[in-house]
Each structure stands twice: as structure tokens, then as C-alpha cells.
Amino acid sequence: MTFAQRRQERTALIANLLEQQWDIFGTLKFVNGRSIGRTTAHKLLRSYWNKVDRVFFGHAAERQNMRVPRWCFAHEGSDTENFHIHFLLQSPIADMEQACTALNAIWAQHHAQTAPLAKNWIMPVISRYDAVDYCTREYWRMGSATWLDEISWHSTNSVEMAKYEHDAQRQRIERAANPFWLRQAQQALQAQQAAYAADDGNLVA
């Protein structure tokens, strides 16, 4: 496939993503993205998103296919060896910052190979175009392989998600990530927001 064809495909993908409803940008890393291995990485990512769905929607995640809307992208870094992912996500709860801290805390505790809180980057979107541009920036090299369709989901709307904002959901969040981890994740979010502002709006430190 030529560079011109990939540029055309990326342009169409960007246009499609900008039509979707999402308000959080995220980066999930591993302790060592160079040695994690794609098979292990994908298993951890799949199990993580399944856990996130259960935390926010309980048994409905499996019984009614209630899942957090997300668009996930694989990145390899400048040397093509540092595997990590970026994602766009529609917050499952009204408090986007709480959603960000929960997502980070759950990932950080998920497995010995998932990165600690400070290495990940999950925050409310400030510029939709910049977020989409960043997520798709490796399309020129990876092509459609950058799009992780198997762990993405875009068939749940905000009206349905709002029905699950109740005490049972809050209790599931606290069980998935204890208050200490959530406080640490909140501090990580504040540091990311400060870094974003100080760096004149670049998405990733």
C-alpha cells in the first residue's frame, strides 16, 4: 500500500472518529513495552477492558453486552519496539475525572506487567482533533493494524450508561481499586493536567 493510500485511509478514519461520542483520551503502558510480547499484551488488554466493563456495569456487561464505548489503537514508538496503546473513550459516568482515576487505578493493579499510575496517561479530552491525530499518528507505518477492533466497542449510548450510576457501581469501583489507589490515581491525573497545560497542550508528556 502506498503512502498516499494510507494517508487517504487515515483521513477517513479521523473523520469517522470525530463523529463519535467520546470525551477521554488515554495511554496504557506496560512495565516493559519492549519485552511484553504482542500475545501477552493483547491478553492483558482484553482482560482489562472486560474488567472495566464489569466494574461499571456489573453483570450487565456479560448478560446484556453493556460495555464502555472505546476506540483503541496500538502504537510501537519511534523504534517500532515499545508496544503500548492509546484510546478514546466515552466516560461511563458523569464525573469524567473520577472515570479517569478509576481506569488508571484498575490498569495499574491489573497485573505485574501493567505500568504504574504515573506511566499511564488518562485525562478528559481538551482538543478532540489533537486526540484523534495522536491516536492515528502511526497509521502511516502500521496501516489498519494500528486499529484494535477486537478490544474496541462503540455500541453503548450515554442514556443506557446513566442507568448504572448508583451505589452498587460506586461499590464495584471501590472494590476494584481501593481508596488509596484512587487517591494516587487522582494525583497522577492532576500531574498530567498540569504537564499538559505547561507544555502548551501537547497530549503526552
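The structure we're discussing is the one just above.
Heads up: these notes are all about the structure in this document.

Observations regarding the nonpolar core
Turning to step 1, where the next piece is worked out: Within the largest apolar cluster, 61 residues are counted, with the highest numbers of intra-cluster contacts made by L28, W49, F56, I85, F87 and L88.
Turning to step 2, where the next piece is worked out: Element by element, the count of residues in this core is highest for helix α2 (residues 38-57), at 9 residues.
Turning to step 3, where the next piece is worked out: Apart from the residues lying within four places of it in its own chain, the contact partners of W49 are L28, R70, C72, I85, F87, L89, L103 and I151.

Let's talk about the packing of α2 against helix α4 (residues 96-110)
Turning to step 1, where the next piece is worked out: Where α2 meets α4, the closest approach of the two axes is 10 Å, and the angle between their N-to-C directions is 135°. The angle between the axes of α2 and α4 places the two elements in the oblique class. Where α2 crosses over α4, the handedness of that crossing is right-handed. Seen from α2, the contacting residues are L44, L45, S47, Y48, W49, K51, V52, V55 and F56; seen from α4, they are A102, L103, I106, W107 and H110.

Describing the sheet that holds strand β1 (residues 24-28)
Turning to step 1, where the next piece is worked out: Read from one edge to the other, the open sheet built from 4 strands follows the order β2-β3-β1-β4, with strand pairing classed as antiparallel. If you trace the sheet from one side to the other, it starts and ends with β2 (70-75) and β4 (121-124), each paired once. Strand after strand, the sheet turns through a mean of 15° between neighbouring axes, direction not considered.
Turning to step 2, where the next piece is worked out: Looking at chain direction, β2 and strand β3 (residues 84-89) are connected through 6 bridges and run antiparallel. Within the sheet, the bridge partner assigned to A74 lies in β3 and is I85.
Turning to step 3, where the next piece is worked out: Here α4 sits on the sheet in contact with β1, β3 and β4, set at roughly 165° to β4.

Reading guide: rules and limits
- Residues numbered from 1 in each chain as written.
- Predicted model: local features only at pLDDT ≥ 70, side-chain atom pairs only at ≥ 80, totals over all residues.
- Heavy atoms only, no water.
- Core = buried A, V, L, I, M, F, W, Y, C linked by side-chain atoms within 4.5 Å.
- Buried < 20%, exposed > 50% of the residue type's maximum accessible area, 1.4 Å probe, protein only.
- Helix = DSSP H or I, 4+ residues; strand = E, 2+ residues; numbered from the N terminus.
- Contact = heavy atoms within 4.5 Å.
- Axes fitted to C-alpha atoms, helices over the stretch in contact; angles between N-to-C directions.
- Parallel < 35°, antiparallel > 145°, perpendicular 65-115°, else oblique.
- Left-handed = near helix turned anticlockwise from the far one by under 90°.
- Pairing = 2+ DSSP bridges.

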